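Structural characterization, general
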Amino acid sequence: MVPHLLTALKGPLLELERRLLDATPQIERWFRLEWQEHTPPVYCSTDLRNAGFKVAPVDTNLFPGGFNNLSDEMLPLAVQAAMAAIEKYCPDARNLLLIPENDTGNAFYLQSLVRLSAIMRQTGLNVRFGTLNPEIERPTLVDLPEGRTLLIEPLERRGRRIGLADFDPCTVLLNNDLSAGLPEILEGLHEQTLLPPLHAGWAVRRKSNHFAAYKEVAKKFSKTLDIDPWLIDSYFATCGAVDLDERTGEDCIAANVESVLRQMRSKYREYGIKEKPFVIVKADAGTRGMGIMSVRDPAEARELSRRRRDRLATDNEGIPVTEVMVQEGVATFETINEAVAEPVVYMIDRYVVGGFYRVHASRGRDENLNAPGMQFVPLPFAASCNLPDPKASPEVASNRFYAYGVVARLALLAASIELERTDPDQSLYG
């Protein structure tokens, strides 16, 4: 299924997609050389937006759920990519400990864990689930759809290693975004690989660090292909020391809204874009679509309703938001059955392995789609993202998805650089 674009492609985006197709050998070599210098995260998902005149990432998740939304066709490539990832860190690994989110009451998330563990088991690993949830004090069976169950066990720390009562893993795979903080039980592990590392969690990570790294990656990539980096990137600014309950920091947010809108208006004039620009104001840390709102005028940042201010003031763990990011809004012009849609691309190691469209019938093309009521349409990105047809139109499915895969891998590369620079053990990066 190829989503419908509200307007036929023409101008800068069509030219960009054609440029990517014509430069496929150059692009793949560019990535190959970059991966000699940087190590990709073990896995990653990236939300993209196609505005009809640009395509850019709007969020990058280093602890992706949603593996249950990927098509069955992606499994062989996902297994191969997982093998490549595991061989880097523990080539003789036998046991893998998977640490999920504390809240296991979401049936869809549990299905994602089942799919993720199935991928890892096919690499030759024994996979078991250990939880950080202090309320789980003994092995607990969690019900799954269709009468199945999932065994979740309490973590145990023995010296400088972590495991289960009768399970000593070489590798620990985190699928918990650590929004609530860094668990002491995971600190200072010895001769065990924690993937992703602790500083990838939202207790440390900031979206602005990621998009700063992405801006550098996009600029370098665009110079190689001789394209305008704005066509694959977005403006942004940040505010610290924000307390929305006390109404402090609103002037900073309003000023940054005006600054980003000003830059966008200039680009819109350059490319003859008639749409009215908007920005997204969101917490600089956290995920799951919390604390996000669309703004078209700086005055809106000062005149937030109590409801909207409350929505932005705390993250998904109920922790107060003190840092805010103002990001260029990228509208989505893709629809499925007249509902707005956005592609989400999944990667394991450095490979695109699948994806889906997030679809929301009750949201507009300038709104966040990661919200209650969203639906998912799986797509076989594994084949189409990696097999473009340079002789065909850029709007052919395999070519459009290849372009999405390129931009998603740029975000993946940015994530690897981001993690290098924020690694507390690497003094080189401060």
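Residues numbered from 1 in each chain as written. Predicted model: local features only at pLDDT ≥ 70, side-chain atom pairs only at ≥ 80, totals over all residues. Heavy atoms only, no water.

Section: empty space enclosed by the protein
The condition that has to hold: Using protein atoms alone on a 1 Å grid, points that fit a 1.4 Å probe yet trap it form a cavity, whereas open point sets bounded by protein on both sides within 12 Å along at least five of seven lines form a pocket; residues with an atom within 4 Å of a point count as lining. Grid points are joined across faces, edges and corners, and a volume is the space filled by probe spheres set on the points. Gly is put with the polar residues, along with every residue not named as nonpolar or charged; the nonpolar set is Ala, Val, Leu, Ile, Met, Phe, Trp, Tyr, Cys and Pro, and the charged set is Asp, Glu, Lys and Arg.
Scanning the entire structure with this criterion turns up 1 cavity of 30 Å³ or more. Estimated volume of the largest cavity: approximately 270 Å³. R49, V58, K282, I292 and N368 are, among the 21 residues lining the largest cavity, the residues nearest its centre. Along the lines of polarity and charge, the residues of the lining of the largest cavity split into 6 nonpolar, 6 polar and 9 charged.

Regarding the nonpolar core
The condition that has to hold: The term nonpolar core refers to a set of buried residues drawn from Ala, Val, Leu, Ile, Met, Phe, Trp, Tyr and Cys, joined through side-chain atoms within 4.5 Å. Throughout, exposure labels follow a simple rule: accessible area from a 1.4 Å probe, protein chains only, divided by the maximum for the residue type, with under 20% read as buried, over 50% as exposed, and the rest as partly exposed.
Judged by nonpolar contacts, the single largest core of 90 residues is most densely connected at I27, F221, I253, V279, V281 and Y357. Grouped together as the second largest cluster of nonpolar side chains are 37 residues, Y109, L110, F129 and I152 included.

Brief notes about the sheet that holds strand β7 (residues 149–154)
Put simply, the rule is: Strand pairing follows a simple DSSP-based rule, namely that at least 2 bridges must link the two strands. Secondary structure elements are taken from DSSP: a helix is a run of H or I of four residues or more, a strand is a run of E of two residues or more, and numbering for both begins at the N terminus. With axes taken as lines fitted to C-alpha atoms, and helix axes fitted only over the stretch in contact, angles between N-to-C directions fall between 0 and 180 degrees. The contact criterion used is simple: two residues touch if any of their non-hydrogen atoms lie within 4.5 Å.
Within the open sheet, the 6 strands sit side by side as β6-β7-β5-β4-β10-β11. Their pairing is mixed. Of all the strands in the sheet, the pair left with one neighbour each is β6 (140–143) and β11 (193–195). Strand after strand, the sheet turns through a mean of 35° between neighbouring axes, direction not considered. The sheet contacts of helix α4 (residues 107–121) involve β4 (95–99), β5 (126–131), β6, β7 and β10 (171–174), and relative to β5 the element is tilted by about 145°.

Quick notes on the confidence of the model for the protein
Under the convention used in this document: pLDDT is a residue-level measure of predictor confidence that goes from 0 to 100.
Here the protein shows a mean pLDDT of 86. Residues at 70 or above account for 86%. A low-confidence stretch, residues 4–10 (pLDDT under 50), is modelled with 17 contacts involving residues beyond four sequence positions or located in other chains.

A look at the side chain of R206
You can see R206 is positioned in the loop between β11 and α5 (207–225). Given a relative accessible area of 18%, R206 falls into the buried group. Here R206 is in contact with D284, A285, E323 and E418, once residues within four sequence places are set aside.

Details of the packing of aromatic side chains
Short version of the rule: Paired rings are identified among Phe, Tyr and Trp, the last through its six-membered ring, by centres lying within 6.5 Å, and are further divided according to the angle between planes into stacked (under 30 degrees), edge-to-face (over 60) and tilted (the rest).
Tallied over the entire structure, the rule returns 13 aromatic pairs. For the pair F356 and F376, a centre-to-centre distance of 5.1 Å together with 85° between the ring planes defines the contact as edge-to-face. Pair noted here: F356 is in strand β18 (residues 351–360) and F376 is in strand β19 (residues 375–379), with a separation of 20 residues, a long-range link. Exposure remark for F356: the relative accessible area of 2% places this residue in the buried category. What makes F376 partly exposed here is its relative accessible area of 30%. Taken together, the ring pairs connect Y43, F67, Y346, F356 and F376 into an aromatic cluster.

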